[in-house]
Amino acid sequence: MSTFSLPSDTEEIAKRVTTAAMDFSGKTVLMTGGRGFLGRHFMDTFNYLNEHILPEPMKLVVLDNFISSGKEGKNIPKFPHVEFIEHNVINKFEYSGKIDYIIHAAGIASPFYYRAHPIETLEVAITGTKNMLQLAEANNARFTFFSSSEVYGDPDAKHVPMQESYRGNVSSMGPRACYDESKRVGETLCYIFHENNGVHTNVIRPFNVYGPGMQETDYRVLPNFASRIKSGMPLHVYGSGGQTRTFCYLTDAIVGFLLVFLRGVAGEVYNIGNPKPEITILELVKRVETVLGKKVNHEVIEYPDSYPADEPLRRAPDIRKAKIQLEYTPEVSLEDGLKRFLDWSDKTYTGDA
Ligand code: UDP
């Protein structure tokens, strides 16, 4: 058993997508960023599908350069039907076999890391996406790009929850621009390859996914909270603590992503997240206390230098499009998701992030 996922989560994901996943039978999927937080869960899910559900196994080709997948990305058990290639997607990639699906999940998604690696962040979402789109075109493969809910930037209240048609309020200059703007260009590349070259492209905008498998040194809010709980230190709430997010538990997110890979309408973009509840970070502290059944100290602090402070003050998805077109429904409540995550982090984290 791996230490980055709960077997019951993997089973839940596979069972929720069984019908759609039949399309993977006998197919080859190439995934970039395959050793990251999401990539490792896709590997687990595909392995489960191969062992229990698909009539013919699917093959997975995984690319990663380990820039942000950390030690967790290196210590991966070997799975049958998985070929791993160490490769940076900003360089061209050629593959001798036929590829049916390309999932471009490589990227530097945690604000702490993209603040530290702005050029790499830009390049993976722009040059990396172009290289993978060309590979999709050559293979006549379905292509999915992992964009971000950050493309909406800091929205005006009347656009919250955000629909896919909202154009966003993003700064081209500032500490988050390397991420937000490069994801926007990546989306534009998908649009061009779909419109002009006939590639079957889809874009996913995930909203704050969390769950087992997040590195303790990920530095996003829930791994930070979990690590500090482990060490008995007070939780740090940045800024005013009044900024909002919605949190989507891993299984709900992976189910949504798989439905996009398998059922996404060509050329379309989908929000994937859990629209409820939209909560402030101070409220998140209270929810954590409820789940743990005890008081947890916290301090409201200035943004640390390592964190890109120019952040969205509200974020929540409108997921009606994914509901209607993909029959996507999140099922895991915040309380249940936090419980599964905090139980796992308590067993896995060391408390020295
Ligand atoms: N945040 C916090 N304490 C932390 C890390 C993050 O209060 O230790 C806040 C951060 O200011 C933001 C929210 O939690 O409002 C989510 O931040 P995260 O880095 O997880 O992801 P983002 O939504 O900014 O991409």
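Bear in mind that the values here come from a model prediction, so they are computed numbers and not experimental data.

Quick notes on the rules
Residues numbered from 1 in each chain as written. Predicted model: local features only at pLDDT ≥ 70, side-chain atom pairs only at ≥ 80, totals over all residues. Heavy atoms only, no water. Near = heavy atom within 4 Å. Polar contact = N/O pair within 3.5 Å; in protein donor to acceptor, adjacent residues only side chain to side chain. Areas by Shrake-Rupley, 256 points an atom, 1.4 Å probe, with all protein chains shown as cover. Helix = DSSP H or I, 4+ residues; strand = E, 2+ residues; numbered from the N terminus. Nonpolar A, V, L, I, M, F, W, Y, C, P; charged D, E, K, R; others polar. Salt bridge = Lys/Arg side-chain N within 4 Å of Asp/Glu carboxyl O. Buried < 20%, exposed > 50% of the residue type's maximum accessible area, 1.4 Å probe, protein only.

A. Examining the site of the ligand more closely. Taken together, the neighbourhood of the ligand is formed by 17 residues, with Val221, His236, Arg245, Tyr307 and Glu311 sitting nearest. In the environment of the ligand, an oxygen atom lies 3.2 Å from a nitrogen or oxygen atom belonging to the side chain of Arg176. A distance of 3.1 Å is found between an oxygen atom of the ligand and a side-chain nitrogen or oxygen belonging to Gln243. If the ligand stood free it would expose 520 Å²; the protein chains cover 96% of that surface. Put simply, the parts of the chain that give the shell around the ligand at least two residues each are helix 8 (221-231) and strand 8 (235-238). Considered class by class, the residues forming the shell around the ligand number 7 nonpolar, 4 polar and 6 charged.

B. The pattern of salt bridges, seen in detail. On inspection of all chains with the given rule, the structure shows 24 salt bridges. A salt bridge links Asp100 to Lys98, with the shortest nitrogen-to-oxygen separation between them at 3.6 Å. Owing to a relative accessible area of 18%, Asp100 belongs among the buried residues under this scheme. A residue is classified by how much of its surface remains accessible, and Lys98, at 47% relative accessible area, is partly exposed. Put simply, Lys158 and Asp156 hold a salt bridge, and the shortest N to O gap is 3.6 Å. In this structure, a network of salt bridges that share partners links the residues Asp9, Glu12, Arg16, Asp252, Glu331, Asp336 and Arg340.

Purely spatial values, then, with no claim about function.
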